[in-house]
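# Structural description and commentary
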Amino acid sequence: MTRRRRYRSPGGRARSSYLPLFPNYVFLSGDEETLYEAVATGCVSRCLAVKDPAAFVKDLRQFQQLLSVGAALTPEARLEPGMWVRVKTGPFKGIEGVVMERRANRRLLVMVNYIQRGASMDLGDCELERLD
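Just so it is clear, the structure is predicted and the values come from calculations on it, not from any experiment. (Residues numbered from 1 in each chain as written. Predicted model: local features only at pLDDT ≥ 70, side-chain atom pairs only at ≥ 80, totals over all residues. Heavy atoms only, no water.)

### Describing the overall build of the protein chain
- Within the protein chain one finds 2 helices and 8 strands.
- In the protein chain, the succession of α and β elements from N to C terminus is β-β-α-α-β-β-β-β-β-β.
- Taking the principal axes of its C-alpha atoms as reference, the protein chain extends roughly 50 × 45 × 25 Å.
- A total of 132 residues make up the protein chain; the buried ones form 27% of that total.
- Counting contacts in the protein chain only where the partners sit at least 6 residues apart, residues at least 24 apart contribute 53% of the total.
- Of the roughly 9,300 Å² that the protein chain leaves accessible, carbon and sulfur atoms contribute 49%. (Helix = DSSP H or I, 4+ residues; strand = E, 2+ residues; numbered from the N terminus. Buried < 20%, exposed > 50% of the residue type's maximum accessible area, 1.4 Å probe, protein only. Contact = heavy atoms within 4.5 Å. Areas by Shrake-Rupley, 256 points an atom, 1.4 Å probe, with all protein chains shown as cover.)

In structure tokens form, the structure reads like this:
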């Protein structure tokens, strides 16, 4: 999963680069032999077993949906407690996350709970419903 970062060069030209949304993580689905082959490359330092694959895949699919519609995501390393919500309408309908405050702006934090990593986006005019 990559996100697009836009910036201006010192000469004023618009530039774009693609950065991993979750640096240092590779997501692999496979059996023990596949796992062994990945570790044997020397590029994987350790593996984390996923206890609830369905929930993990659900989390990753939410990010795929956000990226596919071009949401401007900001990676978040620390997850903060807050109100759990679901977006009710629009292109982000069904996305679940936590409402958080950053620099006096309301943002929606969407996360992969298993690795305690996430990304946030401006809430803008999103219509939210509280999840209990």
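### Considering the nonpolar core
- By size, the foremost hydrophobic cluster in this structure holds 20 residues, and its most contacted members are Phe63, Leu66, Leu73 and Leu108.
- Mapped by element, the contributors of at least two residues to this core are α2 (53-68), β4 (84-87), β6 (105-112) and β7 (117-122).
- Broken down by element, the residue count for this core peaks at 4 residues, all from α2.
- When neighbours within four sequence positions are excluded, Leu66 is seen to be in contact with Ala71, Leu73, Phe92, Ile95, Val110 and Met121. (Core = buried A, V, L, I, M, F, W, Y, C linked by side-chain atoms within 4.5 Å.)

### Considerations on the confidence of the model for the protein chain
- Overall, the predicted model of the protein chain reaches an average pLDDT of 83, with 92% of residues at or above 70.
- Taken element by element, the protein chain is modelled with least confidence in strand β3 (residues 74-76), mean pLDDT 72, and with most confidence in α2, mean pLDDT 91. (pLDDT = per-residue confidence, 0-100.)

### Focus: the pattern of salt bridges
- A complete count under the given rule lists 3 salt bridges for this structure.
- Residues Lys58 and Glu96 are paired through a salt bridge, measuring 3.3 Å at the closest nitrogen-oxygen approach. One end of the pair, Lys58, is in helix α2; the other, Glu96, is in strand β5 (residues 96-102), and 38 residues separate them in sequence.
- Its salt-bridge partner being Arg107, residue Asp122 comes within 2.7 Å of it at the nearest N-O pair. A residue pair is termed long-range when its members are at least 10 positions apart, and Asp122 in strand β7 and Arg107 in strand β6 qualify at 15 residues.
- For Asp122, a relative accessible area of 47% corresponds to the partly exposed category.
- Each of Lys58, Arg86 and Glu96 takes part in one network of salt bridges that share partners. (Salt bridge = Lys/Arg side-chain N within 4 Å of Asp/Glu carboxyl O.)

### A look at unusual backbone geometry
- The backbone of Gln116 sits at a positive phi, close to 55°, despite the residue not being glycine.
- Looking at where Gln116 falls in the secondary structure, it is placed in the loop between β6 and β7.
- For Gln116, a relative accessible area of 45% gives the class partly exposed.

### Brief notes about a nonpolar patch on the surface
- A cluster of nonpolar side chains, contributed by Tyr25, Phe27, Leu48 and Tyr114, occupies part of the molecular surface with about 350 Å² of accessible area.
- Along the polypeptide, Tyr114 turns up in the loop between β6 and β7. (Patch = residues over 30% accessible without salt bridge, like charges linked within 9 Å, V, L, I, M, F, W, Y side chains within 5 Å.)

### Brief notes about α2
- Taking 1.5 Å of rise per residue, 16 residues should cover 22 Å, and α2 covers 22 Å from first to last C-alpha, within 8% of that figure.
- Among the residues of α2, those classed as buried are Phe56, Asp59, Leu60, Gln62, Phe63 and Leu66. Considered in projection along α2, the buried side chains sweep an arc of 145° and stay on one side of the axis. Turned more than 90 degrees off the buried face of α2, the exposed positions are Ala54, Arg61, Gln64 and Ser68.
- On the buried face of α2, the contacting elements are β5, β6 and β7.
- Looking one or two places after α2, you find Gly70, whose phi comes out positive at around 80°. (Expected span 1.5 Å × (residues − 1). Arc of directions from axis to C-beta.)

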